[in-house]
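Here is how the chains run, residue by residue.
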Amino acid sequence: MPLAQTSIARVSGPQCPAGILAQIEAIFFEASANPPAPGPERDAFRERWLGRYLQGGTDVLLVALAGEDTVAGYLVGALEDPALQERFADIGYFRADFAGLTRRYPAHLHINLAKTFRSQGIGAGLIEAFADIVRQTGAPGMHVVTGRAMRNVRFYQRCGFVACGSTMWNCRELAFLGRSLPPDC
Ligand SMILES: CC(C)(COP(=O)(O)OP(=O)(O)OC[C@H]1O[C@@H](n2cnc3c(N)ncnc32)[C@H](O)[C@@H]1OP(=O)(O)O)[C@@H](O)C(=O)NCCC(=O)NCCS
């Protein structure tokens, strides 16, 4: 398949056009391993890993667009240390296991691409765009938490993340991958 031409846009979550949001949501559920069936549990799942990052404030939504309105993928992230924020208290590993690491790598992200746009370097572009935003805040680093045995670990390592810790959570072994962001000279 030919490589897709994409551009990356930072979009305000609350002002995101409905058509773009619907594509982001479809990509999110398609990329999730075992999303709950429609109902309150599915709504909570969406809120935890996607919806809370779309409320505005300092949170970041980056969209990779192929053409004007086809979403190839997205990245959502938060800039401040999640172990210190009440809104992330439901994700126990931040405080229980990784609080020392989140101090060093406070920003965190979630990234997903639509199937047909994977393995074309688009994800790396989203990561670099987020890194630029985090660097501008003066934060010393960013992190991602993923399954230790997941194929995407190689992707993050190629993007400069280093495995710093691991823990068991909901019967899965998770890896904490951190990337330092020294300020531009
Ligand atoms: C992980 C992901 C964001 C990387 O973006 P990308 O543009 O495809 O990445 P690149 O083209 O720069 O690099 C390719 C690497 O992406 C990862 N990747 C590609 N397809 C993947 C898939 N279906 N599942 C997991 N990782 C995948 C692999 O690490 C791959 O390297 P490999 O071929 O050596 O295994 C994207 O592939 C994706 O959305 N995958 C599925 C969902 C996912 O794993 N999201 C991250 C959750 S923590």
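Criteria and thresholds
- Residues numbered from 1 in each chain as written.
- Predicted model: local features only at pLDDT ≥ 70, side-chain atom pairs only at ≥ 80, totals over all residues.
- Core = buried A, V, L, I, M, F, W, Y, C linked by C-beta atoms within 7 Å.
- Buried ≥ 20, exposed ≤ 12 C-beta atoms within 10 Å, placed from the backbone.
- Helix = DSSP H or I, 4+ residues; strand = E, 2+ residues; numbered from the N terminus.
- Contact = placed C-beta atoms within 7 Å.
- Pairing = 2+ DSSP bridges.
- Axes fitted to C-alpha atoms, helices over the stretch in contact; angles between N-to-C directions.
- Near = placed C-beta within 6 Å.
- Nonpolar A, V, L, I, M, F, W, Y, C, P; charged D, E, K, R; others polar.

Undergrad: Which residues make up the nonpolar core, and what values go with them?
TA: Within the largest apolar cluster, 42 residues are counted, with the highest numbers of intra-cluster contacts made by Tyr 74 and Phe 130. Listed by contribution, the elements that provide at least two residues to this core are helix H1 (18–31), strand E2 (60–66), strand E3 (70–78), helix H3 (93–96), strand E4 (107–113), helix H5 (122–137), strand E5 (141–147) and strand E7 (172–180). Other than its neighbours up to four places away in sequence, Tyr 74 contacts Ile 24, Ile 27, Leu 61, Leu 62, Val 63, Ala 64 and Asn 112.

Undergrad: Run through the sheet that holds E5, naming residues and quoting values.
TA: Read from one edge of the open sheet, seven strands run E1-E2-E3-E4-E5-E7-E6, paired in mixed fashion. Looking along the sheet, the strands with just one partner apiece sit at the ends: strand E1 (6–10) and strand E6 (162–169). Each adjacent strand pair in this sheet contributes to an overall mean axis angle of 25 degrees, direction not counted. In this structure, E2 lies alongside E3, joined through seven bridges in antiparallel fashion. Residue pairing across strands places Ala 66 opposite Thr 70, the latter belonging to E3. On the sheet, H5 packs against E1, E2, E3, E4 and E5 and is oriented at approximately 145 degrees with respect to E2.

Undergrad: Describe the site of the ligand, naming the residues involved and giving the relevant values.
TA: Taken together, 16 residues lie around the ligand, and Leu 113, Arg 118, Gly 123, Asn 152 and Phe 155 are the ones closest in. At the level of elements, E4, H5 and helix H6 (152–158) are the ones that each hand at least two residues to the shell around the ligand. When grouped by side-chain class, the residues that make up the shell around the ligand number six nonpolar, seven polar and three charged.

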